[in-house]
Amino acid sequence: ALMKGPLSPLYFCIGSPVVGNPTQHMMETAFDALGYSGRYLTIEVDPEELEPSIWGLLAMRFQGGNVTAPFKQEVLTYLDELTESASLCDAVNCITRKEDGTYVGDNTDGKGFLQSLVEIAPDLKKRKVVVFGSGGAASAIVTELALYGVRQVMVVNRTLAHSKKLVTNLEGISKTVLGYEPWERTYQIRENDLVVVQATSVGLFAPHECINVAFAPDLNNVIACDVVFNPVETAFLKKAKLAGCKTLDGLGMLVNQGAIAVKLWTDRDPDRALMRASLEEAFAVC
Ligand code: NDP
């Protein structure tokens, strides 16, 4: 049908590669359920052409969008403003156009993770959290855990220099005690009441691969989380479940960061259960 009414608000997801990224399906499901006329497009951007691509999207008044690998850092330079989370972890995954036409970059990965964790760990502030990894996902998560004010965060990573940098950047932003330790041989998880977060890329598209950790057999009240969402039930989560831990999969984080974006863009709360179902549907097709 010919468009006669107002134009649809447009949103983007840029990355390279973005083929197979299920965000568009999740976002359009959320928009439709809200009766919102926004359109969400997945756009492959050649890394050599990031700059003209961004200027084009902003010039065409896209209302916002998501940024995925490898552009989460580079995109910062083209934005007018950054939220505290984005500037602390030096990465943007969500962009919003303000009424005055300027663009704000936020990082909602860690916020999405925190939301799903607090739901199953209302006592999170009193706990110690061990985070494996020091890349984009780990950095967003550690930033949010520190802003939230958990008691202690220990970062464990293959390359010590990366964890050192992550922790040094965040030192002093809150009372959270931040530390890092080398990852030599098998990391032993033996403290009760811990939260352990698998935030490396190990296990992505590799259902049998697991980071080098061992869970003590008599653990009590430990929560194990994975950021990897494909497969949803990772080898790490299976191992944790066998050791009696409560588990949190990466889909919760993916859904929540998307739901936070929809809220920023439309000022409305989307149906998270429906968004999760749309992702499960998309993965079943892939
Ligand atoms: P990065 O490339 O930024 O970081 C990768 C991290 O994994 C680094 O810490 C790296 O260690 C570590 N790593 C890689 N290979 C190994 C290995 N063989 N052994 C031990 N450590 C290893 O990736 P991201 O942080 O952006 O993404 C990580 C994962 O998080 C991906 O699977 C991604 O899909 C997922 N993700 C999920 C989200 C969600 O919403 N659920 C949101 C964002 C990401 P080193 O420093 O030594 O190189």
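No experiment lies behind these values; they were computed from the predicted model shown. (Residues numbered from 1 in each chain as written. Predicted model: local features only at pLDDT ≥ 70, side-chain atom pairs only at ≥ 80, totals over all residues. Heavy atoms only, no water.)

Q: I tried to follow the site of the ligand on my own but got confused; where do I start?
A: Near the ligand there are 20 residues, and of these Ser134, Ala137, Asn157, Thr159 and His162 occur at the shortest range. Measuring from an oxygen atom of the ligand, one finds a backbone N or O atom of Ala137 at 2.8 Å. With respect to the ligand, the backbone of Leu254 contributes an N or O atom lying 3.3 Å from an oxygen atom. Protein chains bury 73% of the 930 Å² of accessible surface belonging to the ligand in isolation. Of all the secondary-structure elements, those providing two or more residues to the shell around the ligand are helix H5 (136–148) and helix H8 (250–266). (Near = heavy atom within 4 Å. Polar contact = N/O pair within 3.5 Å; in protein donor to acceptor, adjacent residues only side chain to side chain. Areas by Shrake-Rupley, 256 points an atom, 1.4 Å probe, with all protein chains shown as cover. Helix = DSSP H or I, 4+ residues; strand = E, 2+ residues; numbered from the N terminus.)

Q: Explain the packing of aromatic side chains to me, please; I cannot follow it from the model alone.
A: Both the distance between ring centres and the angle between the ring planes are used here to describe each pair of aromatic rings. The final tally for this structure, using the stated rule, is 11 aromatic pairs. On the numbers, 5.8 Å between centres and 55 degrees between planes, the contact of Phe12 with Phe62 is tilted. Of this pair, Phe12 sits in strand S1 (residues 10–15) while Phe62 sits in the loop between helix H2 (50–59) and strand S3 (64–67); the two residues are 50 residues apart in sequence, bridging distant segments of the chain. Residue Phe12 is classed as buried on the basis of its relative accessible area of 0%. Here Phe132 and Tyr187 contribute two aromatic rings whose centre-to-centre distance is 5.3 Å and whose plane-to-plane angle is 80 degrees, an arrangement assigned as edge-to-face. Of this pair, Phe132 sits in strand S7 (residues 128–132) while Tyr187 sits in strand S10 (residues 187–189); the two residues are 55 residues apart in sequence, bridging distant segments of the chain. Across this residue pair, the class does not change: Phe132 and Tyr187 are buried. Through pairs of rings, three or more aromatic residues link up here, namely Tyr11, Phe31, Tyr36, Tyr40 and Trp265. (Phe/Tyr/Trp six-rings, centres within 6.5 Å; stacked < 30°, edge-to-face > 60°. Buried < 20%, exposed > 50% of the residue type's maximum accessible area, 1.4 Å probe, protein only.)

Q: Hey, could you run me through the pattern of salt bridges in this one?
A: Two side chains carrying opposite charge are able to pair once their charged atoms lie near each other. The full count for this structure, using the stated rule, is nine salt bridges. We note a salt bridge from Lys72 to Asp109, for which the minimum N-O separation is 2.9 Å. Residue Lys72 is found in the loop between S3 and strand S4 (81–82), and its partner Asp109 is found in helix H4 (residues 109–120); the two are separated by 37 residues along the sequence. Its relative accessible area of 11% is what places Asp109 among the buried residues. Note that Asp249 is salt-bridged to Arg276, the shortest N-O span being 2.9 Å. You can see Asp249 sitting in the loop between strand S14 (246–248) and H8 and its partner Arg276 sitting in helix H9 (residues 272–285), a full 27 residues away along the chain. Among the charged side chains, a salt-bridge network with shared partners connects Asp249, Arg276 and Glu280. (Salt bridge = Lys/Arg side-chain N within 4 Å of Asp/Glu carboxyl O.)

Q: How do you make sense of the layout of surface pockets when you look at a structure like this?
A: A probe matching the size of a water molecule, rolled over the atoms, marks out where space remains unfilled. Here the second largest pocket defines a volume of roughly 260 Å³. Of all the secondary-structure elements, those providing two or more residues to the lining of the second largest pocket are helix H3 (84–89), H5 and helix H6 (160–170). Take the lining of the second largest pocket: its biggest share by element is five residues, from H6. Residues that form the lining of the second largest pocket fall into these classes: five nonpolar, eight polar and two charged. (1 Å grid on protein atoms, 1.4 Å probe; cavity = no way out; pocket = protein on both sides within 12 Å on 5 of 7 lines; lining within 4 Å. Points joined across faces, edges and corners; volume = space filled by probe spheres on them. Nonpolar A, V, L, I, M, F, W, Y, C, P; charged D, E, K, R; others polar.)

Q: Help me out: how do you make sense of the sheet that holds S1 in this one?
A: By way of backbone hydrogen bonds, the strands of a sheet pair with one another, either parallel or antiparallel. Strand order in this open sheet of six strands is S2-S1-S3-S5-S6-S4, and the pairing throughout is mixed. For this open sheet the edge positions go to strand S2 (39–44) and S4, each flanked by a neighbour on one side alone. Here S3 pairs with strand S5 (residues 94–97) via three bridges, running antiparallel. From the neighbouring strand, Gly64 faces S5, where its bridge partner is Thr96. Each of S1, S2 and S3 touches helix H1 (residues 23–34); the most contacted strand, S2, lies at about 170 degrees to it. (Pairing = 2+ DSSP bridges. Contact = heavy atoms within 4.5 Å. Axes fitted to C-alpha atoms, helices over the stretch in contact; angles between N-to-C directions.)

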